[in-house]
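Chain and residue survey
Residue strings, one per chain:
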Amino acid sequence: MRLWGRATALRRKVLCLWLLLLGFALVVLALSDLFNRDRGRSYQKPGLPLHPLHRIPDSPDLEVIVDSRDPALELAVDLAPLKSLQEDQLLFVPSTQGTKNPPQQKKGSYKVLLPGANKDTHAPAPPTHGEMGKAVQLHLEGTERDMELSALEKYGFNEVVSERISLHRLLPEARHPECLGEQYSESLPSASVVICFHDEAWSTLLRTVHSVLDNAPRQYLQEVLLVDDLSQHGHLKSVLSEYVSHLDGVRLIRSTKRLGVGGCRSLGAARAAGEVLVFMDSHCECQKGWLEPLLERVAQDRTRVVSPIMDVIDWQTFQYNATQWPVRGVFDWRLDFLWESNPQLQDKDPDSAVRPLQSPALGGGVVAIDRHFFQSVGAYDPGMLLWGVEQIELSIRVWSCGGSMEVVPCSRVAHLDHHHLPYRFPDQELLQRNKIRIADTWMDAYRKIFYRRDTLAHFIRQSESPNITERLRLKRSLGCRNFHWYLSTVYPQLYIPQDRPALSGELYNVGTGSCADYPRGQGLQGGVMNVAPCSGTGSQHCDLNSDFEVRWGPMGALCLDVKGERVVLSLCPTRRPTASRLQWKFVKLSGQLVHQLSQLCLEVVKEGGVPQSSPKEVNTQSKTGGLFLRPCTHHPRQQWHFEQLVAPKGA
């Protein structure tokens, strides 16, 4: 009995010892976790929130309601206030200028973290062996994938990767070597960087702000103005106000009304104090030396509007991708903007590596403009709704009303590419309504070309008219030139379609009931043609002109061409005469489209099939499907007709 009692007491002691060891291990893990958190966040300034959901205790309430009719909203004594802001109420958060010499933070180097990699330093490492360890590991990986998918749906990019990258990362040097030795005036104008945001992710917004502060000389940077366009996310409320209050030279303005890109930027311009306005999207990263070249060009000509080269940050990996110079901004006849690269220009002219390039349009990512010129030329059109094509409207107006636009190659800013827009528009036809304002205000008779390539805009315009009275009055008062001048002087490279009846529109194939199609993702260099269901939107528009070219798409820069027997698209010639291989003839009676050089007909070949016009022939090329040249027959797959969705007199 005594032996049994002693054994029981011994077991109890052993159990207590194990419990003590387990408790000690848990305490060590907790302390290790706390140490790792502090070490991982050591780059933060003292007093700044460590996370969007952390609050600073006893922080003063900095949000003050300001009526937008306050005279302080005016740009200057000699400039009229922005009328579009008269009904808005604003919340204004100034920076507390108490910390003049904040401690220097260690800048993180550039690195790419692939999504799916387990880099979480905020939790102890899971077991690496045994069934339980495997289960925990799989759970963590699954949870991380779920977080990435949730972040992608919420923001349109991989926020999980973004949060692991320093707010102060250094981008790889991408400027031309000659840019590094450029000397700029010591009396450059001051700049206000206006960053508008709506429900932006914490990491990308703050990385944009710190990128500006870290890479812009303070003698030229008057201020950074953050303009909140009625964000709803919690981390952009009081926590952001507290964070901004600790940043020297940063101010926060809040609108209690959803303004959109144009209205939000005009609001920032009304509060700005700098001589030059630099409008910047809320998901950008600046290269070293990005600001001085922009200010230099504006200082030399106050009617000049400039943009840096816009590099690309990948939405999934946040990898930095340098844009190849030369590049300029253009748009097509659907009023869709794109950056157009022309590397051959630098081969012909080596000096163009550092020379600013005039551009028919500029993107909205980063734009620098003199504050007084911005106001005098009409700011952003207040009739533009939320988001979309406001940069095209500003570009046409600046050029037509006495200004100019250019891309400055020695200035580089990277812009985060989005997988998709993270929010839905309340009006699904919003973009078309913005385009209608541009067409009716600035394009004169050429707007008919636009309406034939955007049929939704055409039908909206048939039922309602935009109120553009004020913009037309502005156009007259500024003495702006017409759109014909813009096309012939600024953008002569844009092909002007002829859109002849029965020889333009969707190219419809009788045998398949489909239309000739070219996927947008294949780019402007050309590729294989195929057929697809007719869209009815005007995006598949073709134009058989008097030079016997079949011009494809809303820009008309690609022509129907042949490669062997396959029909492809290639860049149209910029000089005449047209090469014979690019010439076609349409036989209205039979519906055949005949290639003039070979005298063969355009035929649809289904994927995996053989041509119906010559079933005995076995051609491995045709098994991929698409459009081919075949001996002319009366088979329905060789019968075509042009469907003009908007009649020439209907626009």
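Since the model is a prediction, treat every value here as computed from it, not as a measurement. (Residues numbered from 1 in each chain as written. Predicted model: local features only at pLDDT ≥ 70, side-chain atom pairs only at ≥ 80, totals over all residues. Heavy atoms only, no water.)

**A word on the overall build of the chain**
- Secondary structure assignment for the chain yields 16 helices and 26 strands.
- Here the chain holds 651 residues, and 51% of them are scored as buried.
- Of all intrachain contacts in the chain linking residues separated by at least 6 positions in sequence, the fraction that spans at least 24 positions is 76%.
- Of the accessible surface of the chain, which amounts to about 31,200 Å², a share of 55% is contributed by carbon and sulfur atoms. (Helix = DSSP H or I, 4+ residues; strand = E, 2+ residues; numbered from the N terminus. Buried < 20%, exposed > 50% of the residue type's maximum accessible area, 1.4 Å probe, protein only. Contact = heavy atoms within 4.5 Å. Areas by Shrake-Rupley, 256 points an atom, 1.4 Å probe, with all protein chains shown as cover.)

**Remarks on unusual backbone geometry**
- Of note, the amide linkage connecting W325 to P326 takes the cis form, showing an omega dihedral of 0°.
- Among the secondary structure elements, P326 is positioned in the loop between strand 9 (320-321) and strand 10 (327-331).
- Positive phi, normally seen in glycine, also occurs at L230, with a value near 55°.
- Here L230 lies in the loop between strand 4 (221-229) and helix 6 (238-245).
- In this structure L230 comes out as partly exposed when scored by relative accessible area, which is 28%.
- Although it is not a glycine, F548 sits at a positive phi angle of roughly 65°.
- Given the relative accessible area of 40%, F548 is considered partly exposed.

**With respect to the state of the cysteines**
- As enumerated under the stated definition, the model contains five disulfides in all.
- Here C179 engages in a disulfide with C410; their sulfurs sit 2.1 Å apart. Taking the sign of the S-S torsion, about -75° here, the bridge from C179 to C410 comes out left-handed. Residue C179 is found in helix 4 (residues 177-180), and its partner C410 is found in strand 14 (residues 404-416); the two are separated by 231 residues along the sequence. An identical accessibility class is assigned to C179 and C410; each is buried.
- Across the disulfide, C401 is cross-linked to C480 (sulfur-sulfur distance 1.9 Å). Looking down the S-S bond of the C401 and C480 bridge, the torsion is 105°, so its handedness is right-handed. Here C480 lies in the loop between helix 15 (469-477) and helix 16 (483-490) and C401 lies in the loop between helix 11 (390-400) and strand 14, a separation of 79 residues in the sequence. Neither residue differs from the other here; C401 and C480 are each classed as buried. (Disulfide = S-S within 2.5 Å.)

**Here we look at the packing of helix 12 (residues 430-442) against helix 14 (residues 455-463)**
- For the pair helix 12 and helix 14, the least separation of the axes is 9 Å and the interaxial angle reads 75°. The angle between helix 12 and helix 14 places the two elements in the roughly perpendicular class. Across from Q432, R433, I436 and D440 in helix 12, the residues of helix 14 making contact are L456, A457, I460 and R461.
- Here the residues of the contact of helix 12 with helix 14 are counted per class, giving four nonpolar, one polar and three charged. (Axes fitted to C-alpha atoms, helices over the stretch in contact; angles between N-to-C directions. Parallel < 35°, antiparallel > 145°, perpendicular 65-115°, else oblique. Nonpolar A, V, L, I, M, F, W, Y, C, P; charged D, E, K, R; others polar.)

**Concerning the packing of aromatic side chains**
- Evaluated as defined, the whole model comprises twelve aromatic pairs.
- An angle of 15° between the planes, with centres 6.2 Å apart, marks the rings of F331 and Y486 as stacked. Highlighted residues: F331 in strand 10 and Y486 in helix 16, separated in sequence by 155 residues.
- Between F450 and Y451, the aromatic rings sit 5.0 Å apart at their centres with planes inclined by 55°, giving tilted as the arrangement. Accessibility classification places F450 together with Y451 in one group, the buried group.
- Taken together through their ring pairs, the aromatic side chains of F331, W333, Y446, F483, Y486 and Y491 make up a single cluster. (Phe/Tyr/Trp six-rings, centres within 6.5 Å; stacked < 30°, edge-to-face > 60°.)

**Some remarks on helix 8 (residues 291-300)**
- Judged by how many residues are buried, helix 8 sits mostly within the fold: eight of ten residues are covered.
- Residues of helix 8 that are buried: L291, E292, P293, L294, L295, E296, R297 and V298.
- Considering only its buried residues, helix 8 is in contact with strand 3 (191-197), strand 6 (276-280), strand 8 (304-313), strand 13 (366-370) and strand 14.

**Describing the pattern of salt bridges**
- Enumeration over the complete set of coordinates arrives at 27 salt bridges.
- Here R328 makes a salt bridge to E340, at a shortest N to O gap of 3.1 Å. On the criterion of sequence distance, the pair formed by R328 in strand 10 and E340 in strand 11 (residues 337-341) is long-range, its members being twelve residues apart.
- Using a relative accessible area of 13% as the deciding quantity, one classes R328 as buried.
- The network of salt bridges with shared partners includes E275, R302 and D370. (Salt bridge = Lys/Arg side-chain N within 4 Å of Asp/Glu carboxyl O.)

**Details of the confidence of the model for the chain**
- Overall, the predicted model of the chain reaches an average pLDDT of 79, with 72% of residues at or above 70.
- Low confidence marks residues 53-129, where pLDDT is under 50. Its contacts with residues over four positions away, or in another chain, come to 159 contacts.
- Counting interchain partners and residues more than four positions distant, the pLDDT-below-50 stretch residues 610-623 has 31 contacts. (pLDDT = per-residue confidence, 0-100.)

**Considering the packing of helix 12 against helix 15**
- Axis separation between helix 12 and helix 15 bottoms out at 10 Å; the angle between their running directions is 40°. Relative to helix 15, helix 12 is oriented oblique. Here helix 12 runs over helix 15; the crossing is right-handed. The residues of helix 15 that touch helix 12, namely those facing R437, T441 and W442, are R471, L472 and K475. (Left-handed = near helix turned anticlockwise from the far one by under 90°.)

**A few points about the environment of S404**
- Within the secondary structure layout, S404 lies in strand 14.
- S404 gets classed as buried once you look at its relative accessible area, which sits at 12%.
- For the pair formed by S404 and A361, sequence separation is 43 residues and the distance between their alpha carbons is 9.4 Å.
- When residues no more than four places from it in sequence are discounted, the contact partners of S404 are T303, R304, V305, V398 and W399.

**Considerations on the environment of A647**
- Within the secondary structure, A647 sits in the segment after strand 26 (640-643).
- Separated by 199 residues in sequence, A647 and K448 place their C-alpha atoms 9.6 Å apart.

**Some details on helix 11**
- Taking burial as the measure, the eleven residues of helix 11 include eleven buried ones, the bulk of the element.
- All of the buried residues along helix 11 are E390, Q391, I392, E393, L394, S395, I396, R397, V398, W399 and S400.
- G402 sits one or two positions beyond helix 11 and adopts a positive phi of about 105°.

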